[in-house]
Amino acid sequence: MPKLTFIEKDGNALKVDAPNGLSVMEVSHKHGVDIEGACGGCLSCATCHVVVHPDWFGKLEDITEDEEDMLDLAFDLEKTSRLGCQIIVNDDLDGIVVALPGAPKDW
């Protein structure tokens, strides 16, 4: 099963199992990570905003125009920001690292 690491707002790294087919947002909810996801993953808010480690950003599916529009509403936007509901876990993403907005990062 793929692994996913969340960098939480306090800087702690939480490494979790991330079943294939779930979104990063869904995985966060399963493990109690502080990602809201107010719209439930239907791409109508930006409350599941995460910052993807630069080494992983280029391995993601291309961002859609709808996701870009929602990211314009996100707090603490960075160059590698994405919506967690739009990142679907698969074996190619085993080991991906994402940070919550505002979390300290050492990358």
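Note that the coordinates shown come from a computational prediction; the quantities given were computed from them, not determined experimentally.

### Some remarks on the pattern of salt bridges
Within this structure, the stated rule accounts for four salt bridges. A salt bridge links Lys9 to Asp34, with the nearest nitrogen and oxygen atoms 3.7 Å apart. Pair noted here: Lys9 is in the loop between strand E1 (3–7) and strand E2 (13–17) and Asp34 is in the loop between helix H1 (24–30) and strand E3 (49–52), with a separation of 25 residues, a long-range link. Its relative accessible area of 48% is what places Lys9 among the partly exposed residues. A residue is classified by how much of its surface remains accessible, and Asp34, at 54% relative accessible area, is exposed.

### Points about the sheet that holds strand E5 (residues 96–99)
With respect to topology, five strands assemble into an open sheet ordered E2-E1-E5-E3-E4, the strand pairing being mixed. One side of each edge strand has no neighbouring strand; the edge strands of this open sheet are E2 and strand E4 (81–83). When strand polarity is set aside, the average angle formed by the axes of neighbouring strands in this sheet is 35 degrees. Of the pairings in the sheet, the one linking E1 to E2 comprises five bridges and is antiparallel in character. If you follow Phe6 over to E2, its bridge partner there is Leu14.

Scoring rules and cut-offs
Residues numbered from 1 in each chain as written. Predicted model: local features only at pLDDT ≥ 70, side-chain atom pairs only at ≥ 80, totals over all residues. Heavy atoms only, no water. Salt bridge = Lys/Arg side-chain N within 4 Å of Asp/Glu carboxyl O. Helix = DSSP H or I, 4+ residues; strand = E, 2+ residues; numbered from the N terminus. Buried < 20%, exposed > 50% of the residue type's maximum accessible area, 1.4 Å probe, protein only. Pairing = 2+ DSSP bridges. Axes fitted to C-alpha atoms, helices over the stretch in contact; angles between N-to-C directions.

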